[in-house]
Amino acid sequence: MKEAIMFGAGGIGRGFIGALLEKSGWHVTFADVVESIIDEINSRKHYQVHILDRECEDWDISNVSAVLSTGDEIVRCIAKCDLITTAVGPLVAPKIAVPIAAGIKARMADGNKEPMNVVCCENGLRTTTRLKGFVFEHLNEEEQAFADAYIGFADCAVDRICPKSSFENPLDAAVERYMEWDVEQSAWKGELPEVEGLTFVDNLLAYLERKLFTLNSGHAICAYLGALRGHKTILESIQDPVVGEVVHEAMKESGEGLIREFDFDADVHHAYIEKIFGRFQNPYLQDEVDRVGREPIRKLDPADRLIKPLMTAYNYGFPVDHLIFGAAAAMHFDCPEDVQSVELLGKIKAEGPGAALTAYSGIQPDHPLHTRILDVYRALSLVGR
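One structure accompanies this document, and this report is about it.

Rules used throughout
Residues numbered from 1 in each chain as written. Predicted model: local features only at pLDDT ≥ 70, side-chain atom pairs only at ≥ 80, totals over all residues. Heavy atoms only, no water. Pairing = 2+ DSSP bridges. Helix = DSSP H or I, 4+ residues; strand = E, 2+ residues; numbered from the N terminus. Axes fitted to C-alpha atoms, helices over the stretch in contact; angles between N-to-C directions. Contact = heavy atoms within 4.5 Å. Core = buried A, V, L, I, M, F, W, Y, C linked by side-chain atoms within 4.5 Å. Buried < 20%, exposed > 50% of the residue type's maximum accessible area, 1.4 Å probe, protein only.

### Side note on the sheet that holds strand β1 (residues 3-7)
Thinking step 1. The 6 strands lie next to each other as β5-β2-β1-β6-β7-β8, forming an open sheet whose pairing is parallel. Looking at which strands have only one partner, the edges of the open sheet turn out to be β5 (64-68) and β8 (151-153). Averaged over all pairs of adjacent strands, the angle between their axes in this sheet comes to 20 degrees, without regard to strand direction.
Thinking step 2. Of the pairings in the sheet, the one linking strand β7 (residues 116-120) to β8 comprises 3 bridges and is parallel in character. Bridging across to β8, Val118 finds its partner in Phe153.
Thinking step 3. The strands touched by helix α3 (residues 72-80) within the sheet are β1, β2 (27-32), β5, β6 (83-86) and β7, with β1 carrying the most contacts at an inclination of about 140 degrees.

Structure below.
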């Protein structure tokens, strides 16, 4: 039986990637730092994934176990497994690189030359490639050569909304029916497995950017504008005519840049936009705006969901009147429990919104969009909560 390790036993780990692997005949070992989750998985050995959509369905997941993502046990697991997947957030990548590197060293010491693959199922571009860099920092030249020969680091694009939920069994997870898991075929080592919901692709960048420019961008703009309007969930936000219109138009603006960048079929991509916009209106997915909006500094990065679609559309000469709202609203995100929100608001208070915008987005003060974003930012300051 194939063995997979899933770093991150949260909603995405249990409800999306881990569930797909288990349903495809793999044993899944969840690795996490939360001991209570580890104990629950090892004692219950079973949970359900509740698909909440127009047609509802429950999946039984039972071929699972769990270990702490630190210590010797996870290293022993990595030394023998076939696949490592992650859903921990890109900021945690340097930490999990340590046990992964130790596991690769153990494989080398054991003479285990069976291929193992690593796939980061995170929101972001080339997160597996970045993880590989962190892993290689802990390997010497000989160990790096071994990893290059026998360990695949395959980037991927993932797309499935897994909202925060509460069930009698604390391990149960809720997901929407729609899912997309596209893995870069050229970086994979060994035989390609058949996993339900997984597709191997050649031009991964196009899939990564399509999701970033559409789902991630629209989701974030909806969260930030919704929070400003006093809404608690994505559903409440998208049903607000003011928010809904801005989000829909912003997704269309980003789409024009994407169509030009990758020579997408315009009709196909416009249909994709409508499908994504419809997903935000799923009445079963009560996703909280605070969850979707967390880590605003990361989301204001030049390569992430707010700035890259904006700059791409702008540089091709397309209108960006609605995309501008994303960065402007993100700078208002006020969530005391989120470290990046606190840092962002602190910098704005100390240095002003212009300095903060440049520091986090890379947009310089002399760029025309800098002034336009700040104009919208100030206008949004007048929005009642």
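Moving on from the coordinates now.
### Structural notes on the sheet that holds strand β11 (residues 180-184)
Thinking step 1. Strand order in the open sheet made by the 3 strands is β9-β11-β12, with mixed pairing throughout. Because the sheet does not close on itself, it has two edges, and the strands there are β9 (156-159) and β12 (198-201). Between one strand axis and the next, the sheet turns by 20 degrees as a mean value, whatever way the strands run.
Thinking step 2. Examined bridge by bridge, β11 and β12 share 4 bridges and lie parallel to one another. Of the residues in β12, the one forming a bridge with Glu184 is Val201.

### Observations regarding the nonpolar core
Thinking step 1. Ranked by size, the top nonpolar core spans 55 residues in total, and within it Ile221, Val247, Phe280, Leu300 and Ile373 carry the most contacts.
Thinking step 2. The greatest single-element share of this core, amounting to 9 residues, is contributed by helix α7 (residues 204-228).
Thinking step 3. Sequence-distant contacts of Phe280, defined by excluding residues within four places in its chain, comprise Ile161, Leu215, Gly218, His219, Ile234, Leu235, Ile238, Val247 and Met251.
Thinking step 4. Residues Ile17, Trp26, Val175 and Phe200 belong to the second largest nonpolar core, which totals 37 residues.

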